[in-house]
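This is what each chain is made of:
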Amino acid sequence: MMTDTVLRGIFGAKDGTPPPALLRRNKYVVNLYAHLRQFYDSLSYIGDWQDAFLRSPRLDVEVCNINDLIHFGRCLLKIRSYDLIVVSHAAAGDDMTILTKAAALLARRACPMVVFIGNEYDLLDEKIGFMQRVKADRICSQLPIDAARYLYEGIDGSRILSMPHALNPDVYRPPAREEREVDIGFVGDIYWPFVGDEERTHLIRHFEAHGADYGLTCDIRAGQMVRLPREEWAAFLGRSKGLIGAESGTYYLNDRGKLLTRARDYNLKENQKASFAEVFEKFYAGVTPAVSGKSVSSRHFEPIGAKCCQLLLEGDYNGTLTAGEHYIPIKRDLSDVAEAVRAFKDEGYRRKIADQAYEHVMAKHTYARRVEFALSTLF
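Note that the structure is predicted; figures quoted are calculated from it, not measured.

Explain the nonpolar core residue by residue, including any values.
Counting 50 residues, the largest nonpolar core has Leu99, Leu106, Val115, Phe130, Met131, Ile139 and Tyr152 as the members making the most contacts within it. Leaving out residues up to four positions away in the same chain, Val115 has contacts with Val87, Ala92, Phe130, Met131, Ala136, Arg138, Ile139 and Cys140.

Structure follows, in structure tokens:
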């Protein structure tokens, strides 16, 4: 916040601006300037959503960085002049402090407000409280509609939209050359135990350990906070014939997300070294999942844009992807991995799956189409 307010708001600095020559020996100043960058670059979907709104022919967009308190203050002063306010995943994500303090002013708007909820497994009470106070007109959730309604229904005057991520075809597109040196790739986090699901982890570890046994060249980069900036990620996909993955999220949204919050707080605040078995036994053993929070993510659409064939654990994927048509399915117990690999190694079949997925997503699941749908519910 200090960097954005002082350097961007007062001095007009941009991403990557170096500190003045006279101050380059001052560690505090150097550290401030080092934060002049896009912290969400590795969460490429945030930039992709913003790009889609900026490019909508129906909108003339002003981007407001709420961490630049000077610019945010100016926007709040003219709050009643806007025709639409969109709160992005980045704003309603990991920290609700600024939005919560501004809720009373945001509630004075004279136009619809659309709230995209980021990190839907954290600060849920704060996010719901904010949306109630501002009387959000549309609540856009990454989750399947049943899960979204389970969490957010009851906020007066709000309509809940299932708004999963999509494809930005300007960034994720088929490579110019056909040669791809990696057979199977993966870049991403290993889920913390509090998520309550090891299926995805088992899949990743299986290909780490046995990929070479299948005759595959694998590039598996997995761990806590292992992510690539958007352009690097796009280049990685262009080098890969296939990608492994699974639905994101948790099966356990019980008690309107409060069970997951308790497990999260224990795992992150009290015992970060706890094993999966320990956390599962403490919170989830014997619990019947209420409404599943498993969902499709941006990391499923981006490979499709690069015509990178996916081998995914079976799932619903918000109803957007069909097994055997848009991806090669693998059972959750991994009992048919060898069969899936054989199908993948058939070049004709692999390209057929990749082509079908690409045509399907380009027709129905781009960010431009998501934005147009959201607008169609308002105007």
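Give a description of the pattern of salt bridges that names residues and reports values.
For the structure shown, the criterion picks out 21 salt bridges. One salt bridge connects Arg221 with Asp219, and the closest N-O pair in it is separated by 3.0 Å. Connected via shared salt-bridge partners are Asp48, Asp51 and Arg230.

Lay out helix α9 (residues 230-238) in plain terms, naming residues and giving numbers.
Along α9, the residues that are buried comprise Arg230, Trp233, Ala234, Phe236, Leu237 and Gly238. Close packing links the buried residues of α9 with α3 (44-55), β5 (182-189), β6 (218-223), β7 (240-245) and α12 (298-305).

I'd love a proper account of the packing of helix α13 (residues 337-345) against helix α14 (residues 347-364), names of residues and values included.
Relative to each other, α13 and α14 sit at 90 degrees, their axes nearing to 5 Å. One element, α13, and the other, α14, form an angle in the roughly perpendicular class. Contact with α13, carried on its side by Ala343, Phe344 and Lys345, involves Glu347, Tyr349 and Arg350 of α14 and no other residues of that element. Its residues assigned to classes, the contact of α13 with α14 shows three nonpolar, no polar and three charged.

Summarise empty space enclosed by the protein; cite the residues concerned and give the values.
Under the criterion given, the structure shown has two cavities of 30 Å³ or more. The space that makes up the largest cavity amounts to roughly 60 Å³. Together, Asp197, Glu199, Ala246, Glu247, Tyr251, Lys294, Leu313, Glu314 and Arg332 line the largest cavity. Partitioning the lining of the largest cavity into residue classes produces three nonpolar, no polar and six charged. There is about 30 Å³ of room inside the second largest cavity. Class assignment of the residues belonging to the lining of the second largest cavity gives a composition of four nonpolar, two polar and two charged.

Before we move on, can you summarise helix α8 (residues 199-210) with the specific residues and values?
With twelve residues, α8 extends 16 Å between its outermost C-alpha atoms, agreeing within 8% with the 16 Å of an ideal straight helix rising 1.5 Å per residue. Residues of α8 that are buried: Arg200, Thr201, Leu203, Ile204, His206 and Phe207. Of the surrounding elements, those touching the buried residues of α8 are β5, β6, β7, β8 (309-313), β9 (328-330) and α13.

Any chance you could break down the sheet that holds β9 for me, citing the residues and the numbers?
In space, the five strands of this open sheet follow the order β6-β5-β7-β8-β9, with parallel pairing throughout. The open sheet has two edge strands with one neighbour each: β6 and β9. The mean angle between the axes of side-by-side strands here comes to 20 degrees, regardless of whether they run parallel or antiparallel. In the sheet, β5 pairs with β6 via six bridges, with the strands oriented parallel. Bridge pairing in β6 links Phe186 to Ile220. Packed onto the sheet, α9 meets β5, β6 and β7 and runs at close to 110 degrees relative to β7.

Can you tell me about a nonpolar patch on the surface, naming the residues and giving the values?
Side chains of Leu54, Val61 and Val63 sit close together on the surface and give an oily, nonpolar patch of about 200 Å² of accessible area. Under the relative-accessibility criterion, Val63 is labelled partly exposed at 40%.

Describe the environment of Gly118, with residues and values.
Within the secondary structure, Gly118 is located in the loop between β2 (113-116) and α6 (124-134). Owing to a relative accessible area of 2%, Gly118 belongs among the buried residues under this scheme. A sequence separation of 31 residues divides Gly118 from Val87, and the C-alpha atoms of the two residues are 10.0 Å apart.

Mind laying out the sheet that holds strand β4 (residues 159-162), listing which residues take part and the relevant values?
Hydrogen bonds along the backbone pair up the strands of a sheet, which may run parallel or antiparallel. Read from one edge to the other, the open sheet built from four strands follows the order β1-β2-β3-β4, with strand pairing classed as parallel. Looking at the sheet topology across the chains shown, the edges are occupied by β1 (85-87) and β4. Neighbour to neighbour, the strand axes of the sheet diverge by 20 degrees on average, direction disregarded. Bridge count for β1 against β2 is three bridges, and the pairing is parallel. If you follow Val87 over to β2, its bridge partner there is Val115.

Conventions adopted
Residues numbered from 1 in each chain as written. Predicted model: local features only at pLDDT ≥ 70, side-chain atom pairs only at ≥ 80, totals over all residues. Heavy atoms only, no water. Core = buried A, V, L, I, M, F, W, Y, C linked by side-chain atoms within 4.5 Å. Buried < 20%, exposed > 50% of the residue type's maximum accessible area, 1.4 Å probe, protein only. Contact = heavy atoms within 4.5 Å. Salt bridge = Lys/Arg side-chain N within 4 Å of Asp/Glu carboxyl O. Helix = DSSP H or I, 4+ residues; strand = E, 2+ residues; numbered from the N terminus. Axes fitted to C-alpha atoms, helices over the stretch in contact; angles between N-to-C directions. Parallel < 35°, antiparallel > 145°, perpendicular 65-115°, else oblique. Nonpolar A, V, L, I, M, F, W, Y, C, P; charged D, E, K, R; others polar. 1 Å grid on protein atoms, 1.4 Å probe; cavity = no way out; pocket = protein on both sides within 12 Å on 5 of 7 lines; lining within 4 Å. Points joined across faces, edges and corners; volume = space filled by probe spheres on them. Expected span 1.5 Å × (residues − 1). Pairing = 2+ DSSP bridges. Patch = residues over 30% accessible without salt bridge, like charges linked within 9 Å, V, L, I, M, F, W, Y side chains within 5 Å. Areas by Shrake-Rupley, 256 points an atom, 1.4 Å probe, with all protein chains shown as cover.

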